[in-house]
Amino acid sequence: MALDDQPLSVVANVGFRRLMEILEPRYVLPSRHYFTEKALPAAHKKLRDHLQDKLADDFRGSHTAERIKEAIQGMLDSWGIDKSRVHVIVRDNARNMKKAMDDMGVQSVGCLTHTLQLAVHEGLLSQRSVVDTLATARKIIGHFKHSPLAYSRLEDIQRELKMDVKRLQQDVQVRWNSSLYMLQSLLEQKHALLVYGGSYNLPATLTTAQWTLMEKTAEVLVPFEQLTRDVSMATASAADVIPAITALRRLLSQEKTTDQGVKTMKSTLLAAVKTRFAGIEEEPLYSIATLVDPRYKDRYFTESDNLSIAKDKLIQEVAKMEQRAATASEEPEAAVAEPTSKKKRQEASSSLGSILDEILEENQLESRSVSTSAEVQVQTYLLEQTSNRKSNPLQYWKQNGSRFPPLADVATKFLCAPCTSVDSERLFSAVSNVLDEKRNRLSADHVEKLIFLRKNLHLILPEYVSESESGDEE
């Protein structure tokens, strides 16, 4: 029920009960009341206890900084998490959220995708011709959205032209990536739309110059969309921020012969990115995470001063880990690192990926004299070849943790932080699968328990969940 978003009443369905009788006639299927009152609370308690071991109310009223602080502190208390164990909290860019985190005395960073949204929004609205073209595009798509007859005619034209029958995508003005998808859908159906416009009336038409502008605008926005997808993955971490923004800056600063008509947008986008991400290299949560990520290390810093400060802070973190380990039994001497064979650089699959590889190739390694054990570990690690950009950094530290024990502890700490709040926001979308027309009488408590199980059940049933997910993919 929790994994497949099935209603609790499924156990009362005639077809399901007959299926169970055929599979195992001796089994007596419990009632819905049993699952509601006993099975669901028991599963929730078991998983909650499991998470509490691994980690060793409704929020009503005004969302002031004080209320937010109290709510988050209450969550930490309910899970038995001491505030000193909180490495960082990812938040949005609202002032009340930032103030709440500061008042709590915990480190926090803004969501990367929220900041990127603001930067792109500024760039899109900086050029009047782009704004007018987007408005015309919305009128055209709105015509088809509100007229089934118009859509039917367009589909007939698509079939006559032997094109894939696809519907046009309407954008949401507050989400820039939906505007990109709208432009791409129009460009894909350009031929069909031109044929349609020759036979039927449209509320607006796109000129040749506007079609060209749409192509160039989409080309400029594709790297932003790729970056958004990359950092929105569940495996993305704070280590991805500095390399991604460095590559994005370089990509926007490159001048091309095809920039005619979008130069203002590119320059404004570049200025917005520089302004909104001005201090990322100075933020230890980002800089140290980047250094301990074997895919990036020290290759993506644009300012040498920021890099030096970041290395010093990393050495300090390693020294702290060494002090903590000093009270334990003496560690065996770390094995001498064997020179790693040079790996063939993977071929870039996109413009943003090619820039990341380009920056990596440009930054040559420089050795320096070291004295302390922490400095030796950091310098030895940084001098080694970077890992493949598609590899898992946590897997690297799992395999190399015995060589750099304190450094591996620092990596575990800093690589655990996500760079966006997207993964948590996906839970809000999951509610629509749990609470629908088939399960519209669920209490808030039952909804919370079902979502909790859906999100975390893989922690205690990994084999079962992995089989279920592979079945869904098929």
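Model, not experiment: these values are computed from the prediction. (Residues numbered from 1 in each chain as written. Predicted model: local features only at pLDDT ≥ 70, side-chain atom pairs only at ≥ 80, totals over all residues. Heavy atoms only, no water.)

(A) Here's a closer look at the overall build of the protein chain. Along its length, the protein chain carries 21 helices and two strands. Among the 474 residues that make up the protein chain, the fraction classed as buried is 41%. Carbon together with sulfur atoms contributes 51% to the accessible area of the protein chain, which is approximately 27,200 Å² in total. (Helix = DSSP H or I, 4+ residues; strand = E, 2+ residues; numbered from the N terminus. Buried < 20%, exposed > 50% of the residue type's maximum accessible area, 1.4 Å probe, protein only. Areas by Shrake-Rupley, 256 points an atom, 1.4 Å probe, with all protein chains shown as cover.)

(B) Quick peek at the environment of V165. Structurally, V165 can be placed in the loop between α7 (148-160) and α8 (176-188). Judged by its relative accessible area of 39%, V165 falls in the partly exposed class. Residues V165 and Q189 lie 24 residues apart in sequence; the distance between their C-alpha atoms is 9.4 Å. In contact with V165, not counting residues within four places along its chain, are E155, Q158 and R159. (Contact = heavy atoms within 4.5 Å.)

(C) Quick peek at the packing of helix α14 (residues 304-326) against helix α16 (residues 373-383). Running from N to C, α14 and α16 point in directions that differ by 125°, and their axes come no closer than 8 Å. In terms of axis orientation, α14 runs oblique to α16. Relative to α16, the crossing made by α14 is right-handed. Residues K311, L314, I315, V318, A319 and E322 of α14 pack against S373, A374, E375, Q377, V378 and L382 of α16. Its residues assigned to classes, the contact of α14 with α16 shows seven nonpolar, two polar and three charged. (Axes fitted to C-alpha atoms, helices over the stretch in contact; angles between N-to-C directions. Parallel < 35°, antiparallel > 145°, perpendicular 65-115°, else oblique. Left-handed = near helix turned anticlockwise from the far one by under 90°. Nonpolar A, V, L, I, M, F, W, Y, C, P; charged D, E, K, R; others polar.)

(D) Expanded view of helix α6 (residues 128-145). Taking 1.5 Å per residue, 18 residues should reach 26 Å; α6 reaches 26 Å between its end C-alpha atoms and fits that length. Residues of α6 that are buried include every one of V130, T133, L134, T136, A137, I140, I141, G142 and F144, and no others. Residues of α6 that are buried in the fold lie against α5 (112-124), α7, α8, α9 (190-199), α10 (208-231) and α12 (263-276). (Expected span 1.5 Å × (residues − 1).)

(E) Broad picture of the side chain of H87. Examined against the element boundaries, H87 turns out to sit in the loop between α3 (65-78) and β1 (89-91). In this structure, H87 is in contact with Q107, L285, K413, F414, C416 and A417, ignoring residues within four places of it in sequence.

(F) Quick peek at the pattern of salt bridges. Throughout the structure, instances matching the rule amount to 18 salt bridges. Of the charged contacts, one joins E219 and K256 as a salt bridge, the two residues approaching to 3.9 Å between their closest N and O atoms. One end of the pair, E219, is in helix α10; the other, K256, is in the loop between α11 (241-253) and α12, with 37 residues separating them in the sequence. When the shortest N-O distance is used, the salt bridge between D298 and R299 registers 2.6 Å. With a relative accessible area of 13%, D298 lands in the buried category. Given the relative accessible area of 5%, R299 is considered buried. (Salt bridge = Lys/Arg side-chain N within 4 Å of Asp/Glu carboxyl O.)

(G) Inspection of the packing of aromatic side chains at higher detail. In the structure shown here, the tally under the stated rule is 11 aromatic pairs. Centroid distance W176 to F224: 6.2 Å. Interplanar angle 80°. Geometry classified as edge-to-face. Remark: F224 occurs in helix α10 and W176 occurs in helix α8; sequence separation between them is 48 residues. Given a relative accessible area of 3%, W176 falls into the buried group. Taken together, a centroid distance of 5.1 Å and an interplanar angle of 90° make the contact between Y396 and W397 edge-to-face. Taking relative accessible area as the criterion, Y396 reaches 12% and is therefore assigned buried. Overall, W397 belongs to the buried group, its relative accessible area being 6%. The rings of F144, Y151, Y196 and Y200 are connected pair by pair, giving a single aromatic cluster. (Phe/Tyr/Trp six-rings, centres within 6.5 Å; stacked < 30°, edge-to-face > 60°.)

(H) Here's a closer look at the packing of α3 against helix α4 (residues 95-104). α4 packs onto α3 with a crossing angle of 55° between their chain directions and a minimal axis gap of 8 Å. Classified by the angle their axes make, α3 and α4 are oblique. For the element pair α3 and α4, the recorded crossing hand is right-handed. Judged by residue contacts, A65, I68, K69, I72, Q73 and L76 of α3 engage N96, M97, K99, A100, M101, D103 and M104 from α4. Taken together, the residues that form the contact of α3 with α4 break down as eight nonpolar, two polar and three charged.

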